[in-house]
Amino acid sequence: MAPARPLLWRSLRVFQIYGANTDVGKTVFTTILCRAADRIWKKEQTVFLKPVSTGPLDEADDQSVKSVPLDKTLLSTIHKFASQTAAHGPGWLFIETAGGAHSPGPSGTTQADLYASLRCPVVLIADSKLGGISLTVSAFESLKIRGYDVEAILVFQDKDYDNEQYLGDYFTKYHGVPVVSLPKPPPPDQDKNTDASMMSRYYEDVSESIAARNILDQLDRKHQERIKRLESMPSDAYKRIWYPFTQHKLLSQDDITVIDSARGDFFQTLVPKREGVVENTQPVLQPSFDGSASWWTQGLGHGNPLLTMAAAYAAGRYGHVMFAGAIHEPALALAETLLRGMKNPRLSRVFYSDNGSTGVEVAVKMALRAARLRYGWTANTDIGIIGLKGGYHGDTIGAMDCAEPSTYNENIEWYNGRGVWYDYPSIKCIRGKWVVEVPDALQADLGNGQAFRTLTDVFDIETRESKDEHRAYEEYIEKMLSRHISEGRKFGALLIEPVVIGAGGMELVDPLFQRALAHVVRRSAELFGSEHQLDTSDHTSWTGIPVIFDEVFTGLYRLGRFTASSFLKTEADISVNAKLLTGGLVPLSTTLASESIFKAFESDDKADALLHGHSYTAHPIGCQVACESLRQMQSMERRGEWDWAKSDAWTGSLGGQSGTSEPRVWSIWSWDLLDWISNQTQLVAGTWALGGILSIHMNAADGLGYKSNAALKLQSALREGDSERTWNIHSRVLGNVLYIMGSQKTSKDDVTEIASLVQRALSR
């Protein structure tokens, strides 16, 4: 089933009627609006819809849509009804909710959450009774925090409580939302005919009032302003915005995607205008699957209400507070949660920073200081790092210096690559087999690679080591390391992205090679320098040089596990997390370190401290959101919410049978899809999937790398969407590689729909 679609057309003004509570007059006010619209816009249609009715059948307001158990089915039915209405011509559609903002829908989901993806502007009916002020403000805040635009507030006049006066002052002053009061309907009469006659006169009088006209004029103006703003955004942005990772000379305003909102795994994006299409009856917005997980940050769904509440709670309790020499509950709780979740006995300390790039810089500062002190180097000693080709750790200058020269940094004036970077064997699924590809230059040392039946076999480290498959890797690594050191090079850290090289080409690295690299540097202290006598009883102390795992991208369930290091069965001395840390809501990074690293900065001299920080270090909002993000993901794992993706029928030769107690290798992307893609050899060089990631490596006549255009045709086909253009996939490419990233909330049904679209795109 296609995702829920927003209700926005140029000629059809759609508004949702919410109530601060039940029995506040939603149906009465909606009837007034309908009658007034029908009187003022005589040549247009006016339509009323109540998807879910409450109360006894003889008092039900509308039965156009019957209650259904599935949220998606209900939303789809509402959209179908609205779409048919739009096709009949211009007019108004008022959709009335049932009860209050948080009254549950048929499935139990509260209406405020259920209807959010429809992106309807709201008319809120205030409560005029005793206690109504509190209920109205609470309802408004509940809607606002979920991204609803409340365009007007209506309330009955009541001389006893005069709520309309307070609410008018409050909402005008603090939110700029107009509050309009209308007369109460007459008291009900016991005689039904008399009652109907009285209500008919009431509706006629009030719907013809200036107040009713003003309300509709306000709603009509807001509708037109919204569409005008959406349609002008590409040209305005083209003139004013400097985009990241964008060559603006190659950018046109038609390339700019307008995102009106986002919910779950989908953006709501502006539909590009097409020649020969009557725009008035066509939807203005469409769902677009967030195929890059918003640059790898999104994990628990856009607009996740629990993350939003966590942010609001911390903002209300703390705002931002000073962190140096202080502590607050969210920061301490997050540190404890991370250290427990990593299950790494080496890690005992948590340092906070603002994003992955600065988190890596902190890690490098930690490692280089520890290595310098142990080996007796001076502060002026030129110390490099050991990494992998294509490894990319961020855009700040220090993080850039940790990467080999590449498209990302070769034109940066201050760039000075400080290290050596090993080439490595990578893993791809080719013609249904998992192949270890060895670069040509390494084949003399490492051989020609090999093929495995399942990806689980690739990650079966113990079995592969029992066959001595790691020996050639370790010998090659040690040979090259000895050569560099004999040339006078000094190294203070091993810095790698465990399992997957992200921005460097979405490469799945042979885990056995990364494990071998960590083992060699740890046992090679005599190569790096004359170190002081170590306490060998402390198994958590670093040896050789500190090992840093940059898990900014690969950590926290992106690959299906809390930590990507578990795939390597190797523990880091320093580990960096970001992105999924906060579920895609706010920036935050953590750098976890061992006690032996921490003690390298202890001194009587303040200048020897780790003098690093920023104004918003450990900001409570980010820490509270991160606590909630980790809580949700760990709860999902315990409840088995990904078991569908771990089943043998789904994983096939991706997962296979694992003879260990370790969690199996799995992906939300099915083996059937991978197998099919891997056999499209005229177009595809190889593919792989792990956790939420699907990576498709296209054959590239223009050469591999970031500058390649080989994946653009596939990206364009996905952006065009399905045959009926009801939704599409927004994706990013890395040269000849197109990747699609699901979240931890992506459903099996959505994955199946996306897989079908990918297959159609590749079959063109």
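Each value, and the rule that gives it
- Residues numbered from 1 in each chain as written.
- Predicted model: local features only at pLDDT ≥ 70, side-chain atom pairs only at ≥ 80, totals over all residues.
- Heavy atoms only, no water.
- Axes fitted to C-alpha atoms, helices over the stretch in contact; angles between N-to-C directions.
- Helix = DSSP H or I, 4+ residues; strand = E, 2+ residues; numbered from the N terminus.
- Parallel < 35°, antiparallel > 145°, perpendicular 65-115°, else oblique.
- Left-handed = near helix turned anticlockwise from the far one by under 90°.
- Contact = heavy atoms within 4.5 Å.
- Nonpolar A, V, L, I, M, F, W, Y, C, P; charged D, E, K, R; others polar.
- Buried < 20%, exposed > 50% of the residue type's maximum accessible area, 1.4 Å probe, protein only.
- Arc of directions from axis to C-beta.
- Pairing = 2+ DSSP bridges.
- Disulfide = S-S within 2.5 Å.
- Expected span 1.5 Å × (residues − 1).
- Salt bridge = Lys/Arg side-chain N within 4 Å of Asp/Glu carboxyl O.

## So, the packing of helix H25 (residues 712-720) against helix H26 (residues 748-762)
So, point 1. Remark: H25 packs on H26, axes separated minimally by 9 Å, with the N-to-C direction vectors making an angle of 130 degrees. One finds that H25 runs oblique with respect to H26. Considering how the two elements wind past one another, H25 and H26 form a crossing that is right-handed. Listed contacts from H26 to Leu714, Ala717 and Leu718 of H25 are Leu757, Val758, Ala761 and Leu762.
So, point 2. Across the contact of H25 with H26, the residue classes break down as seven nonpolar, no polar and no charged.

## Description of the environment of Pro345
So, point 1. Considering the arrangement of structural elements, one finds Pro345 in the loop between helix H10 (329-342) and strand E10 (347-353).
So, point 2. Sequence separation between Pro345 and Gly99 is 246 residues; the distance between their C-alpha atoms is 52 Å.
So, point 3. Ignoring sequence-local partners within four residues, the contact set of Pro345 consists of Thr540 and Glu571.

## Considerations on H25
So, point 1. Within H25, the full set of buried residues consists of Leu714, Ala717 and Leu718. Down the axis, H25 shows its buried residues gathered within 100 degrees of arc, on one side only.
So, point 2. Buried positions along H25 lie against strand E23 (693-698), strand E24 (728-730), strand E26 (737-741) and H26.
So, point 3. Just downstream of H25, Gly721 is the residue with a positive phi angle, here 90 degrees.

## Thoughts on the pairing of strand E12 (residues 419-422)
So, point 1. Residues of E12 alternate between two faces, with Gly419 and Trp421 on one and Val420 and Tyr422 on the opposite face, all of them buried.
So, point 2. Inspection of the sheet shows strand E11 (residues 384-388) paired to E12 by four bridges, in the parallel sense. Pairing of Ile385 across the sheet is with Gly419, part of E12.

## Side note on unusual backbone geometry
For residues other than glycine, phi is negative in most cases, and the peptide bonds are mostly trans.
So, point 1. Phi at Asp468 takes a positive value of approximately 60 degrees, unusual for a residue other than glycine.
So, point 2. For Asp468, a relative accessible area of 42% puts it in the partly exposed group.

## Focus: the state of the cysteines
So, point 1. Overall, the coordinates contain zero disulfides when judged by the stated rule.
So, point 2. Between Cys34, a cysteine without a disulfide, and Cys120, which holds the nearest cysteine sulfur, the sulfur-to-sulfur distance is 14 Å.
So, point 3. Look at Cys120 and you get buried, because its relative accessible area is 1%.

## Observations regarding the packing of helix H1 (residues 26-40) against helix H7 (residues 210-240)
So, point 1. Where H1 contacts H7, the two axes come as close as 10 Å, and the packing angle between them is 85 degrees. Between H1 and H7, the interaxial angle falls into the category roughly perpendicular. In this structure, H1 uses Ile32, Leu33, Ala36, Ala37 and Ile40 to contact H7, whose residues at the interface are Ala212, Arg213, Ile215 and Leu216.
So, point 2. When the residues that make up the contact of H1 with H7 are grouped by side-chain class, the tally is eight nonpolar, no polar and one charged.

## Comments concerning the sheet that holds strand E21 (residues 589-594)
Two modes of strand pairing occur in sheets, parallel and antiparallel, and in both the strands are linked by backbone hydrogen bonds.
So, point 1. Spatially, seven strands are ordered E10-E21-E20-E19-E16-E11-E12 in an open sheet, and the strand pairing comes out mixed. Pairing within the sheet leaves two strands with one partner each, and these edge strands are E10 and E12. Across the sheet, the mean angle separating the axes of adjacent strands is 20 degrees when strand polarity is ignored.
So, point 2. Summarising the sheet, E10 and E21 pair through six bridges and their orientation is antiparallel. Across the sheet, residue Leu347 finds its bridge partner in E21, namely Ser594.

## Examining the sheet that holds strand E6 (residues 179-182)
So, point 1. Strand order in the open sheet formed by six strands is E2-E3-E1-E4-E5-E6, and the pairing between neighbours is parallel. With one partner strand each, in any of the chains shown, strand E2 (45-49) and E6 form the two edges of the open sheet. For this sheet, the mean angle separating the axes of adjacent strands, direction not counted, is 25 degrees.
So, point 2. With five bridges connecting them, E2 and strand E3 (residues 91-96) associate as parallel partners. Note that in E3 the partner of Gln45 across the bridge is Gly91.
So, point 3. Sitting on the sheet, helix H2 (residues 71-87) touches strand E1 (12-19), E2 and E3, and the angle it makes with E2 is about 170 degrees.
So, point 4. Seen against the sheet, helix H5 (residues 163-174) touches strand E5 (150-156) and E6 and runs at an angle of roughly 160 degrees to E6.

## What about H2?
Given 3.6 residues to a turn, an α-helix orients residues that are three or four positions apart in the same direction.
So, point 1. Counted at 1.5 Å a residue, the expected span for H2 with its 17 residues is 24 Å, and the 24 Å between its end C-alpha atoms agrees.
So, point 2. Of the positions making up H2, those classed as buried are Leu74, Leu75, Ile78, His79, Ala82, Thr85 and Ala86. When H2 is viewed along its axis, its buried side chains cluster within an angular range of 130 degrees and face the same direction. Pointing more than 90 degrees away from the buried face of H2 are the exposed residues Lys80 and Ala87.
So, point 3. Remark: Gly89 follows H2 within two positions and exhibits a positive phi of approximately 125 degrees.

## With respect to the pattern of salt bridges
So, point 1. Using the criterion set out here, one finds 35 salt bridges in the structure.
So, point 2. Between Asp113 and Arg263 there is a salt bridge whose closest N-O contact spans 3.4 Å. Remark: Arg263 occurs in strand E7 (residues 259-263) and Asp113 occurs in helix H3 (residues 111-114); sequence separation between them is 150 residues. Considered together, Asp113 and Arg263 belong to a single accessibility category, that of buried residues.
So, point 3. As a salt-bridge pair, Arg346 and Asp573 come within 3.0 Å of each other at their nearest N and O atoms.

Nothing here speaks to function; it is geometry throughout.
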